[in-house]
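Below are the chains, spelled out letter by letter.
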Amino acid sequence: MTEFGELRHFLGMRIDYNRSGGTLRMSQESSITKVLNRFGMSECNSTRTLIEKGLQLPHGGLNAGEPYRELLGSLMYIMLCVRPDVCYPVGYLGRFQQDSSTVHWNALKRVVRYLSGTKTLCLEYQRNSEAEALVGFADADWAADLQDRKSVSRFVSKVYGCTVSWSSKKQSTVSLSSSEAKYVIICAADLHVAAKPVTIFEDNRPLPFPIDIGSGGGPLSDERLQQIQPMDPSY
């Protein structure tokens, strides 16, 4: 066994330590550069926004022969490692893998252009023993998809103030109110966290009770979540 010192690179991620300052930073500048070179976008103009506000792309497009799935997979890996900021657009554009067209391809390339201008962004983990051990942030839109009227759930979980997991996913049921859509994501966020109870913020406000799903003692339960039935989108 050979000692190579502190870990600096791992699976495309760069890891920088600052022991005196108590920080650790993780970035993927090299991985983003490889994506730019692979898909011929090394000289592309960067953009400051990921996706158009309220973007609604159509289904049923004809595949234009572009490497849509390959680029999407590359962006998904970057998103899963250190870039929660691209979570929503990557998840949204992933719905069109079977029927992507030129308009979908251009929207996907816009994410690449955004990454081109933000290659040096990183996740920073800072020593902070005074922060709460485990905190979650959850929110959901309501019926934002105009085709099936399903909502999109989003959550971030932090350990001692440091971001450790994130998600943006379309809900499997049609919510009849914004409250129901938010209830679904709060339950999903809590089930994602192993430690109980956990403080969860919704709309930047902490819930007025501790979430403890599945323990039998909390105000929410798995049974209530199961009672939310799929509804006809045309309702």
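No experiment lies behind these values; they were computed from the predicted model shown.

> Before we go on, may I ask you to explain the sheet that holds strand β1 (residues 9–10) in this structure?
Strand pairs in the sheet, formed through backbone hydrogen bonds, run parallel or antiparallel to each other. Ordered by their spatial adjacency, 4 strands build an open sheet running β1-β2-β3-β4, and the pairing between neighbours is antiparallel. Bordering the open sheet on either side are β1 and β4 (123–126), each of which pairs with just one other strand. Taken together, the 2 bridges between β1 and strand β2 (residues 13–18) define a ladder with antiparallel strand orientation. Bridging across to β2, F10 finds its partner in M13.

> Help me understand helix α4 (residues 102–117), please; the structure alone is not making it clear to me.
Structural remark: α-helix, 3.6 residues per turn; residues separated by three or four positions point the same way. Relative to the 22 Å expected for 16 residues at 1.5 Å per residue, α4 spans 23 Å between its end C-alpha atoms, a close match to the ideal helical length. Taken residue by residue, α4 has H104, W105, A107, L108, V111, V112, Y114, L115 and S116 as its buried positions. Elements in contact with the buried residues of α4: α1 (29–38), α2 (68–81) and α3 (87–93).

> So what exactly am I meant to see when it comes to the nonpolar core here?
What tends to happen in soluble globular proteins is that the nonpolar side chains get buried as a cluster. Ranked by size, the top nonpolar core spans 34 residues in total, and within it L71, L75, V86, L93 and L108 carry the most contacts. If you list the elements that add at least two residues to this core, you get β2, α1, α2, α3 and α4. For L108, the contacting residues outside a window of four places in its chain are Y68, L71, L72, L75 and L93. Among the nonpolar cores identified, the runner-up in size contains 5 residues, and L134, F155, V198 and I200 belong to it.

Analysis parameters
- Residues numbered from 1 in each chain as written.
- Predicted model: local features only at pLDDT ≥ 70, side-chain atom pairs only at ≥ 80, totals over all residues.
- Heavy atoms only, no water.
- Pairing = 2+ DSSP bridges.
- Helix = DSSP H or I, 4+ residues; strand = E, 2+ residues; numbered from the N terminus.
- Expected span 1.5 Å × (residues − 1).
- Buried < 20%, exposed > 50% of the residue type's maximum accessible area, 1.4 Å probe, protein only.
- Contact = heavy atoms within 4.5 Å.
- Core = buried A, V, L, I, M, F, W, Y, C linked by side-chain atoms within 4.5 Å.

The values reported here are purely geometric and, on their own, carry no functional implication.
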